[in-house]
Amino acid sequence: MAFPQKKAVILPFREERRRHQRVRVNLLGRYMLADRREFPCQVANMSPGGMALIAPVAGERGQRVIAYVDHVGRLEGVIARCFENGFAMTISATTRKRDKLAAQLTWLANRHILGLPEDRRHGRIVPRNPAGRLILSNGINVACRVMDISQSGAAIATDQRPDLGAPVTIGKTAGRVVRHIEDGIAVEFSRLQHPDFLEENVTGG
C-alpha cells in the first residue's frame with residue numbers, strides 16, 4: 001500500500017463535524033498506520049469528512065492512516081483524536097470524492113445494510129438440519145449449530161469466539177465473523193448464495 005502524493009482537502013476535525021452530519025454505522029475494514037502496520041477495525045460512525053474507528057491500535061494524533069472499509073472502499077486521512085477503544089480520523093478527499101462518499105452513505109442508510117448481519121435484505125430461515133461444521137482460519141474444524149441462514153449470512157451457535165472480521169467457513173460456504181451474539185457468532189458470507197442450494201452449501205442438508 002503506497003501513500004499517494006496528490007493533494008486533497010483535510011478539514012480540521014471540529015470544522016468537519018460541523019459541516020458533515022455523521023451517520024452511525026457498523027462496517028468492518030482494515031487500516032494501515034504510517035509505519036505500515038495493518039490492523040482490523042470497525043467503523044462506528046462516518047461522514048464524508050471523517051469517521052470513528054473501533055481499533056486495537058490507535059496511533060498518534062496527526063499520524064496518517066489508510067483505511068479500507070467495506071461498502072465504501074479506500075479512505076485516507078489523519079488521526080484527529082484517540083479514545084479508549086480506537087480513534088477518530090479526518091478523511092482527505094477531493095470535493096468530488098466527498099460527494100461520492102456522501103452518496104454512498106445515503107445509499108447504505110436507505111437500504112438498511114449498516115447493521116449487518118441483522119439486515120433483512122434476504123429472508124432468514126431455520127434449516128431443516130441445523131448440524132453444521134465450522135472451520136476457523138487456523139484450520140480447526142468444530143461441530144456447530146446453524147440457528148438461521150439467509151442468502152447473505154448465518155447465525156451460528158458455537159462456543160468459539162473468532163475475532164471480528166476473521167475468515168471462517170460454514171459447511172462449504174466461506175464468510176467472516178461480523179458480530180458476536182449470545183450463543184455464538186454471526187457470519188456474513190463472502191458472496192450471495194443461491195436460494196436453491198443454500199442449506200446444502202451451509203449445513204450439508
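See the structure printed just above.
Summary of the structure given here. (Residues numbered from 1 in each chain as written. Predicted model: local features only at pLDDT ≥ 70, side-chain atom pairs only at ≥ 80, totals over all residues. Heavy atoms only, no water.)

**Concerning the pairing of strand β1 (residues 23-33)**
Right, so step 1: Among the 11 residues of β1, 8 are classified as buried, and the element is accordingly described as predominantly covered.
Right, so step 2: Judged from the 8 bridges that link them, β1 and strand β2 (residues 38-47) form a sheet pairing that is antiparallel. Bridge pairing in β2 links Leu 28 to Gln 42.
Right, so step 3: The antiparallel hairpin formed by β1 and β2 contains 4 residues in its connecting segment, where Arg 36 sits at a positive phi of about 75°.
Right, so step 4: Here β1 runs beside strand β4 (residues 64-69); their pairing, made up of 5 bridges, is antiparallel. Bridge pairing in β4 links Tyr 31 to Ala 67. (Buried < 20%, exposed > 50% of the residue type's maximum accessible area, 1.4 Å probe, protein only. Helix = DSSP H or I, 4+ residues; strand = E, 2+ residues; numbered from the N terminus. Pairing = 2+ DSSP bridges.)

**Re the pattern of salt bridges**
Any two side chains of opposite charge can pair, given that their charged atoms come close.
Right, so step 1: Under the defined criterion, the tally for this structure stands at 7 salt bridges.
Right, so step 2: Residues Arg 64 and Glu 76 are paired through a salt bridge, measuring 2.9 Å at the closest nitrogen-oxygen approach. Taken together, the positions of Arg 64 in strand β4 and Glu 76 in strand β5 (residues 73-83) put the pair 12 residues apart, joining distant regions of the chain.
Right, so step 3: Given a relative accessible area of 11%, Glu 76 falls into the buried group.
Right, so step 4: Arg 74 is the partner of Glu 76 in a salt bridge, and the nearest nitrogen-oxygen pair spans 3.4 Å.
Right, so step 5: Several salt bridges converge on common partners, so that one network encompasses Arg 64, Arg 74 and Glu 76. (Salt bridge = Lys/Arg side-chain N within 4 Å of Asp/Glu carboxyl O.)

**Structural notes on the sheet that holds strand β7 (residues 131-135)**
Right, so step 1: Strand order around the closed barrel formed by 6 strands is β7-β8-β9-β12-β11-β10, with antiparallel pairing between neighbours. Neighbour-to-neighbour, the strand axes of the sheet open up by a mean angle of 45°, direction not taken into account.
Right, so step 2: Strand direction decides the pairing type here: β7 and strand β8 (residues 141-149), joined by 5 bridges, are antiparallel. Residue pairing in the sheet places Leu 134 in a bridge with Val 142 of β8. (Axes fitted to C-alpha atoms, helices over the stretch in contact; angles between N-to-C directions.)

**So, the environment of Met 32**
Right, so step 1: Mapped onto the elements of the fold, Met 32 is located in strand β1.
Right, so step 2: Of the residues examined, Met 32 reaches a relative accessible area of 2% and is grouped as buried.
Right, so step 3: Placed 32 residues apart in sequence, Met 32 and Arg 64 show a C-alpha to C-alpha distance of 8.7 Å.

**Considerations on the packing of aromatic side chains**
Right, so step 1: This structure, assessed with the given rule, holds 2 aromatic pairs.
Right, so step 2: Ring geometry for Tyr 31 and Phe 39: centres 5.6 Å apart, planes at 35°, overall tilted.
Right, so step 3: A residue is classified by how much of its surface remains accessible, and Tyr 31, at 1% relative accessible area, is buried.
Right, so step 4: Look at Phe 39 and you get buried, because its relative accessible area is 16%.
Right, so step 5: Between Tyr 31 and Phe 87, the ring centres sit 5.4 Å apart and the planes meet at 70°, which makes this aromatic pair edge-to-face. Here Tyr 31 is found in strand β1, whereas its partner Phe 87 is found in strand β6 (residues 86-90), with 56 residues between them in sequence. You'll find Tyr 31 and Phe 87 in the same group, each marked buried.
Right, so step 6: Through a chain of ring-to-ring contacts, three or more aromatic side chains come together here, namely Tyr 31, Phe 39 and Phe 87. (Phe/Tyr/Trp six-rings, centres within 6.5 Å; stacked < 30°, edge-to-face > 60°.)

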